[in-house]
Every structure is written in C-alpha cells, then in structure tokens.
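Residue-level listing of the chains:
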Amino acid sequence: MALVNLKINNVPVQVEAGSTILEAARTLQIEIPTLCYLKEINEIGACRICMVEVKGARSLVTACVFPVAEGMEVFTNTERVRNARKRTLELILSTHNKDCLACVRSGNCELQALCKEFGVDDTDYYKGANPDFYFDDSAAHMVRDNSKCILCRRCVAACDQQCISVIGANARGFDTHISSAFDKDLNDVSCISCGQCIVNCPTGAIVEKDETAPVLRALNDPEVFTVVHTAPSIRVTLGEAFGMHIGTNVQGKMVAALRRLGFDKVFDTDFGADLTIMEEANELIERVQNGGVLPMITSCSPGWVKYCEHYYPDLLAHLSSCKSPQQMQGAIIKSYYAEKMGLDPKKIFVVGIMPCTAKKFENKRDHQHANGPDIPDVDVSLTTRELARLIDTAGIYFKNLPDEEYDNPLADGTGAAVIFGATGGVMEAALRTAVERISGQKLEHLDFEAVRGTQGIKEATYPVEGFGDVKVCVASGTKNAKSVMDKLRAGNPDGWHFIEIMGCPGGCVNGGGQPVQHAVVRNFRDLKAERAKSLYAADKDLPVRKSHESPAMKMIYEEFLGEPGSHKAHELLHTKYEGRPKYKA
Amino acid sequence: MVKKISKIPFSGTPEQEAQLNAVIASYKDDPSQLMTVMQKAQSIYGYLPFEVQVMIADGMDIPLEKVYGVSTFYAQFALSPAGKHPISVCLGTACYVKGAQAVFEHLQELLGIGPGECTPDGVFSLEACRCIGACGLAPVMMIGDEVYGNLKPDMLAGILEKYKKMEGIA
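Predicted model only: the values in this text are computed from it and were never measured.

Some thoughts on the overall build of chain B
- Tallying secondary structure elements over chain B gives seven helices and five strands in all.
- Beginning at the N terminus, the succession of helices and strands in chain B can be written as α-α-α-α-β-α-α-β-β-β-β-α.
- Here the C-alpha coordinates of chain B stretch approximately 55 × 35 × 20 Å along the principal axes.
- For chain B, with 170 residues in total, the buried portion stands at 43%.
- Look at the contacts in chain B between residues 6 or more apart in sequence, and 61% of them connect residues 24 or more apart.
- Where the 13 positive side-chain charges of chain B centre and where its 18 negative ones centre are 7 Å apart.

This is the structure we're talking about:
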C-alpha cells in the first residue's frame, strides 16, 4: 500500500495513494462541504461546493474527486475558497424555489445548511430567468418538484445504482432538468417506488407523498377506531429523526409517542412478520414436497415485487403468494381482531408505520382488500419520516418519553420477526421455522451467520435432515436482484431452493422511507450496518426467537386460522401479482 | 430550447424496423456505440420518436431514459419528424434586424406549431436557422429548396396557400 504525504491547512498528513483530498481532509477531522458527491455512486465533481485551493494549481479544484499527490499543499478555508463557495450557492439559488418556510426538508436541507454556513445573505443576488419547472405527483409514493432541484444528480445515481434508471438529466445547458424518458410521469414508467432517490436528495426536490392528513382526520374522528402497527426496523431508525445516535433502539418511546398521538391500539408489525414466516415456510415446504415452482422467492418487499412485475414478469411464479407483514397485519386486524372486539371493520382505520415508500403503493394494490372491496387491509402507510413529523407537530418531546409496551394481542413479536428489517433477516427467520419443520428436530443453533451482513448477494447451503442440502440465496438492492434473476432465467445453475430479495440495499433498515441522513454522514458511515446491528441485538434478547414457537402465533392459528396454508389463511394472507409494462406509450 | 416531442402518430414500416434491427444487432454488445445507433436510426426514420427509442433501448439493453437523455442533449437528434415541406426561417443578424422574428412568430400562428414541430398532417415543419447566404434578400426563409426573400408577415398566408393547394388541403 503506497502512502502519500501532504499538508492540509499546514497540518501534515499521510494517506493512501489514490485517496481524494476530501478523504484525506476527513482523516484530519476537517469537513469539506459537498452537495453532489455520493461515495462510489456519484463522483462527478459537478456542484463545485467542495472547491479547495491547492498550492501551485491554476484554479481551485474539486476535493471530492481530486486525488492527493506527494508534497501537495491544500487549503480548505481561505478567503478565496469561501468566496467561491458562497458564489456557487448564490448561483444555485438563482433558479431555486426559495419556498423554504414550510418545505418538508426545511431544517434538514443540505443546501439550506450550507447557505447558513457560508453566510449567503442575498439569495436574489443572481436573480434572473427560470426554466419551466416540472412538478410530478403522479406516483403513489412520491412527489418530484424540479423547482427545488439543484441538478446534483444524486437521485439519478441512486436510481442507476438500483438498475432502474427511470430518471435522468435531460436537455442541456439552462434547460437541463431531471425527468423520465419523454418527460413521462413517474407513474407511466417502471419506477419501483423504492424511494432511494428521496433519501439521497439534498433538498426538498424529491419527497414522499405526505399522507399524514388522513391519519390526523381519523385520529380526530370519535367514530373511527384507529390502529397503528410499526415495522421491525422503525424501532432502530426513528430516533435519528430526533437527533439520537444511529441505531438507537427506541421501541418503548415510539409506542409511548403513538399512544400520545391518540391511536386506540398500538401493535407491532412483528406479529405480521411472524405470520408471514408461518405462511411462507409452509408454502416453501409445500412447494418442495409437491413439486411446486422452485426456487421460491420472498415477497415482503413491495419495491422488489414491483421490480419483478416490471422486469421479470416471466418469473412471477417464483414469488411467494404471501402478502407482506404490513398487509397481513392489516387483514388480521380487520378480521380476527374486529371479530374478537366486536368492531365493525369499516370503522377501523389501520395505519402502517413503514421504512418504505413502496408500501404506499402496496396498500393501494389490487388483492389487498381481504375483508371486502371497500375495506383495504391497511388504510394509510406512513414512512418513518412522516411519523417523526406527526410526533413533532403534536409537540411530543420524544427523547423524554417513558418506555411503554405494545398492546396485546397482536404484538409479542419473536426475534425472528425483528430481524425482518435487515437483509438476510427474512431468510434466517424462515430457516429457523422451515428447517425444524422439515427435519422434525429441534434447532439448537439459531444464528444463520452466512446470510447476515450487508453484502449485496449472500449464498449458503444448509444440510437438513430428511431433505438433503437446502441451497439459499439472499440479495438486497434491485441491482443484485437483477443478477440473481438473470441466473434464474438461465435455468438456476446454482440449484437454489429459496431466495430472499429486498428492494433496498441492506434491506428495510436502509429503506426509502427512513430518516434522511446528509451525504456527509452517508459517505463516511455504514447506515445499513449500524442500524441492522441493533436489530440483531434485539433478536438476541428476545425470549422467543422462532416464529412457530410464538404464543401469539399459536393463539391465532388455534382460535382463528386453523393451520398455515388453510383456506382462511389463503383468503386473508395471500395475494396475486401481475406483469407490468416498462413504460406506458 | 427544450425539444418538442412529436404528437404525430408513429408510422414506421416493417422495412424500416428490419433495417434498425440490423443496425442494433451489429452494435448491441458495445454500449459506447449508442450514438452511432441513434444516428443510423435517425437516418432510417428521419427522427427519433418514442417507438424508435424503445427499440434502441431494448435492443442495446440501455435504459430508455439514457437514450432519451442523449437525444435531448445533442442538437443533431430530432424528436419531431420533418414535414413534407420543411420551413426554415433565417434568424441570422441581417434577417433579424429586418424583422425575421415577426415573420417567424406569424408562421407559428398560421401553422399552429412551435419551432422544431411538425403539423399534425405532416405537411409543414418549422425551424429557425442561421444565415443561408442570402442577406441581400433579408428577411428570408426556405421552404424545401425554394428561397423566399423580402418577407413581410402579411405575405406568408399566400405563400403557404400554394403548398396547401399542391397537397390538396387548401
């Protein structure tokens, strides 16, 4: 490993050859501001905010892409540098919609933060003509407002990283704008609703479609029985929205906050996750025993499901027919729970708190209305960010809340359910149940280490008594899903039996609905690993770690569903998929 | 200027499609040849409508948005077909000072289309050009190969009439 010596702000530093000035500065605890830079996926040096002075260089250079050299002298905070950055910000503002007072990203906007930092006191300094800004709210899950776009192309990089590429930079010069092919609405192209563009946008140009209003209406209506349930990963990410450390488990405070918001019942989607395992493990065993379509692929991630429908409609038979935990939970609330409590399912309003923007698409899909055509399993799906806003608006001081417990009976999730939020978690949870059921022997070692971790594709083989070798594959991010699906199209040469796919890189902990972290955090910390670590820690601490040993599961099957895969289970908990075109003409 | 996307229905022939497929087949393993394929596609169809760009995107295994991005970045690519009688109005310096802008605007009114567009019947298309070397006749325009000089807005309807009669649409 070759090392290079240089000085930054007169401080000597030694870094690996090939490092950028930005990385070298970081080792000295010097933060160089960036707007367009995303490590490894958007290294284009376009925004010109990271300009620094290099002794002897003709002009200022972009620290994010400029490699260090032996003997180099860098200055990151000279008057020339500060003036250049300020001017760049003023130029960006010349076409920026400065509707900041009520912008969703106000207070969490990277552009706003930099303007404050560099003392941009005249936001109209370069006021002039504006291009025609495009506003797109056609999609179920998000809104794109080009008047707030700074053309950093981080969304484009995120979309390319997912191998979707439905948005990109079109036209040139002054007219350059981010849009879809032929300037089609997002709803008319093969966007999978993953929301990775949203969490990577530095400003308010791309945001989730806010659905807090109908939730507030329902909470204010005494006639409506409001039920909320929270996905496994929310407990380890919601805290970030209140300035807490990445990965802090705030389950107790979250439950307390939801109660204070006025929900009649606060349930844990972990119940739905356990139910998913019961049904999915059963479906896998049935497919194995009855010569069904293998490998079977998980269907919990609605972004992944939509990807499969657009890009691999010929392979839809591989998808498990199981609904996702969000939808299973909703279907059970409006059937079993309604019956038990003597409630009219039409008067129950179910809200799912999800790490995911594709869930907003999922709850509006066909075949997600188990209890009647006008009774959606889940009425509204909110992202972690929207929940944080509800808590803020209600004046709840989140950090000081006491820890409270979920309501029964649709709670008491197992360790298997809690790890659903990380890539490999659904696989591990399913294996804990399926291996025991196939072999008929009690599983002693519950940690399937090989399917853990944030690698994009993981493969493992587990010998199972009474079956032989079970070959599994886990992929996260649709780019990795693509390589897995291409192998399936080529005839499954690796002989996989069971595949878990999650649409977002790293799984739900890194979902498109999670709290936004600025690029300065994203570039230097592994959000998905830090958040996932807390989920695995929670799993370790839970008394029950296998879905089929959960008292809640025993109860629901004994009292209501019969057995996994029963007629009733099929009516309530399973769904259908449809091929979708890549673009509408 | 943002390019206008043609609303004229696509009318490609099977022969054209076969030609394009042959082009794609010879370049499909090299994504860096996208522009070559697009240039050849434009010479086959005259422009690059949605249907043609989809064929290129699917054939080259490049996202449609990337193809569209290239087609809107370079001036050489057209998203609207040329009309049977393409009209170019000179907006060069001499013509401009002699009132070409008014001529250009009046033509847009008469034809009901903007710059870079084609009339729905496919008869006329309109674009601005720079000097055609007939400054002595400024302001000038060309319809096909024919040059019209010393133009005033009130002369335009009459000139267009001639072509409409020729096409039997007057």
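There's plenty left to go through after this.
Quick word on the packing of helix α8 (residues 269–289) of chain A against helix α10 (residues 325–341) of chain A
Residue and element names in this part refer to chain A.
- Look at α8 against α10: their axes get within 8 Å of each other, and the N-to-C directions meet at 105°. Taken as axis vectors, α8 and α10 run roughly perpendicular relative to one another. Judged by residue contacts, Thr-269, Phe-271, Gly-272, Ala-273, Leu-275, Thr-276 and Glu-279 of α8 engage Pro-325, Gln-326, Met-328, Gln-329 and Ile-332 from α10.

Some points on unusual backbone geometry
- With omega at 5°, the peptide bond leading from Asn408(A) into Pro409(A) counts as cis.
- Of note, Pro409(A) is situated in the loop between α12 (384–393) and α13 (415–418).
- Looking along the chain, the bond that leaves Ala138(B) and enters Pro139(B) is cis, with omega of -5°.
- Here Pro139(B) lies in the loop between β3 (124–129) and β4 (141–143).
- Of note in the backbone geometry, Arg153(A) takes a positive phi value of approximately 70° without being a glycine.
- Position of Arg153(A) relative to the elements: it lies in the loop between β7 (142–145) and α4 (154–161).

Things to note about helix α1 (residues 14–27) of chain B
All names here are of chain B.
- Compared with an ideal rise of 1.5 Å per residue, which puts 14 residues at 20 Å, α1 spans 20 Å between its outermost C-alpha atoms and is within 8% of the ideal.
- Every buried residue belonging to α1 is among Gln-16, Leu-20, Val-23 and Ile-24, and all of these are buried. Axial view of α1: buried residues confined to an arc of 95°, hence all on one face. Along α1, exposed side chains directed more than 90 degrees from the buried face belong to Pro-14, Glu-15, Ala-25 and Ser-26.
- Summarising the contacts, the buried residues of α1 are in contact with α2 (34–45) and α3 (50–60).

Concerning the environment of Ala78(B)
Residues and elements named next belong to chain B.
- Along the chain, the position of Ala-78 falls in the loop between α4 (64–73) and β1 (85–90).
- Residues Ala-78 and Gly-112, spaced 34 residues apart in sequence, show a C-alpha to C-alpha distance of 19 Å.
- The contact partners of Ala-78, leaving out residues within four places of it in the chain, are Gln-42, Tyr-47 and Leu-48.

Here's the deal with the sheet that holds strand β3 (residues 51–54) of chain A
All names here are of chain A.
- The strand order across the open sheet formed by five strands is β2-β1-β5-β3-β4, and the pairing between neighbours is mixed. The open sheet has two edge strands with one neighbour each: β2 (11–16) and β4 (61–62).
- Taken together, the two bridges between strand β1 (residues 3–8) and strand β5 (residues 73–75) define a ladder with parallel strand orientation. Bridged to Lys-7 within β5 is Glu-73.

A short note on the pairing of strand β11 (residues 225–230) of chain A
Residue and element names in this part refer to chain A.
- Within β11, six of the six residues are buried, which leaves the element mostly enclosed by the surrounding structure.
- Judged by which residues are buried, β11 turns out to be covered on both faces: Phe-225, Val-227 and His-229 on one side and Thr-226, Val-228 and Thr-230 on the other are all buried.
- Direction of pairing for β11 relative to strand β14 (residues 348–354): parallel, over a ladder of six bridges. Following the sheet pairing, Thr-226 is matched in β14 by Phe-349.
- Once the chain exits β11 it traverses helix α7 (residues 251–261) before rejoining the sheet at strand β12 (residues 265–268), and the crossover so formed is right-handed.

A few points about the domain arrangement of chain A
Residues and elements named next belong to chain A.
- Domain annotation for chain A reports domain 1 (3–77), domain 2 (110–208) and domain 3 (213–573).
- One C-alpha centre belongs to domain 2, the other to domain 3, and the line joining them spans 30 Å.
- Facing the 21 residues of domain 2 at the interface are 30 residues of domain 3.
- Note on domain 2 versus domain 3: buried area summed over both sides is about 2000 Å², and carbon and sulfur give 53% of it.
- The largest contributions to the domain 2 side of the interface with domain 3 come from Ile-192, Val-199 and Glu-208, which together make up 29% of the buried area.
- At the junction of domain 2 with domain 3, the criterion picks out two salt bridges.
- With a shortest N-O distance of 2.8 Å, Arg-385 and Glu-208 are connected by a salt bridge.
- Counting every contact that joins domain 2 to domain 3 gives 14 residue pairs in polar contact (both at pLDDT 80 or more).
- Only α4 and α5 (196–200) provide two or more residues apiece to the side of domain 2 that touches domain 3.
- With four residues, α5 is the single largest residue contributor to the side of domain 2 that touches domain 3.

As for the interface of chain A and chain B
- Between chain A and chain B, the residue contacts involve 22 residues of the former and 21 residues of the latter.
- Both sides together, the interface formed by chain A and chain B hides about 1600 Å², and carbon and sulfur atoms give 62% of it.
- By the criterion of area lost to chain B, the three top residues of chain A are Arg172(A), Phe182(A) and Tyr583(A), representing 44% of everything that side buries.
- Between the two partners, chain A and chain B, sit one salt bridge.
- For Lys66(B), the salt bridge identified is with Asp160(A), shortest N-O distance 2.9 Å.
- On inspection of chain A and its partner chain B, the count reaches nine residue pairs in polar contact (both at pLDDT 80 or more).
- The set of elements that each furnish at least two residues to the side of chain A that touches chain B consists of α4 and β8 (168–170) of chain A.

Focus: the domain arrangement of chain B
- Examined at the domain level, chain B breaks down into domain 1 (14–73) and domain 2 (85–166).
- Each of domain 1 of chain B and domain 2 of chain B has a C-alpha centre, and these two points are 31 Å apart.

Observations regarding the pattern of salt bridges
Residues and elements named next belong to chain A.
- In the structure shown here, the tally under the stated rule is 46 salt bridges over all chains.
- Glu-549 is the partner of Lys-442 in a salt bridge, and the nearest nitrogen-oxygen pair spans 2.8 Å. Here Glu-549 lies in the loop between α17 (527–541) and α18 (551–561) and Lys-442 lies in the loop between α14 (425–439) and β16 (457–464), a separation of 107 residues in the sequence.
- A single network of salt bridges, built from pairs that share partners, joins Glu-428, Arg-432, Asp-447, Arg-452, Asp-539, Lys-540 and Arg-545.

So, a nonpolar patch on the surface
Residue and element names in this part refer to chain B.
- The grouping of Ile-132, Leu-137 and Val-147 at the surface amounts to a nonpolar patch, some 200 Å² of accessible area in total.
- With respect to the helices and strands, the residue Ile-132 is situated in the loop between β3 and β4.
- Under the relative-accessibility criterion, Ile-132 is labelled partly exposed at 30%.

Here's the deal with the packing of aromatic side chains
- Overall, the coordinates contain 17 aromatic pairs over all chains when judged by the stated rule.
- Here Tyr125(A) and Tyr126(A) contribute two aromatic rings whose centre-to-centre distance is 4.8 Å and whose plane-to-plane angle is 80°, an arrangement assigned as edge-to-face.
- When the ring of Phe267(A) is compared with that of Tyr337(A), the centres are 5.2 Å apart and the planes differ by 85°; the resulting orientation is edge-to-face. Of the two residues, Phe267(A) sits in strand β12 while Tyr337(A) sits in helix α10, which places them 70 residues apart along the sequence. Here Phe267(A) matches Tyr337(A) in class, with each residue buried.
- Joined through ring pairs, the aromatic side chains of Phe182(A), Tyr583(A), Phe50(B) and Tyr68(B) make up one cluster.
- A cation sits over an aromatic face here: Arg172(A) above Phe73(B), 4.1 Å from the ring centre.
- In this arrangement the basic side chain of Lys184(A) is found over the ring face of Phe50(B), its NZ or CZ atom lying 4.5 Å from the centre.

Procedures and definitions
Residues numbered from 1 in each chain as written. Chains lettered and ligands numbered in written order. Predicted model: local features only at pLDDT ≥ 70, side-chain atom pairs only at ≥ 80, totals over all residues. Heavy atoms only, no water. Helix = DSSP H or I, 4+ residues; strand = E, 2+ residues; numbered from the N terminus. Buried < 20%, exposed > 50% of the residue type's maximum accessible area, 1.4 Å probe, protein only. Contact = heavy atoms within 4.5 Å. Lys, Arg positive; Asp, Glu negative; His and termini not counted. Charge placed at Lys NZ, Arg CZ, Asp CG, Glu CD. Axes fitted to C-alpha atoms, helices over the stretch in contact; angles between N-to-C directions. Parallel < 35°, antiparallel > 145°, perpendicular 65-115°, else oblique. Expected span 1.5 Å × (residues − 1). Arc of directions from axis to C-beta. Pairing = 2+ DSSP bridges. Right-handed = clockwise from strand over helix to strand, strands pointing away. Domains from an automatic or database assignment. Buried area = accessible area lost by both parts, 1.4 Å probe. Salt bridge = Lys/Arg side-chain N within 4 Å of Asp/Glu carboxyl O. Polar contact = N/O pair within 3.5 Å; in protein donor to acceptor, adjacent residues only side chain to side chain. Patch = residues over 30% accessible without salt bridge, like charges linked within 9 Å, V, L, I, M, F, W, Y side chains within 5 Å. Areas by Shrake-Rupley, 256 points an atom, 1.4 Å probe, with all protein chains shown as cover. Phe/Tyr/Trp six-rings, centres within 6.5 Å; stacked < 30°, edge-to-face > 60°. Lys NZ or Arg CZ within 6 Å of the ring centre and 35° of its normal.

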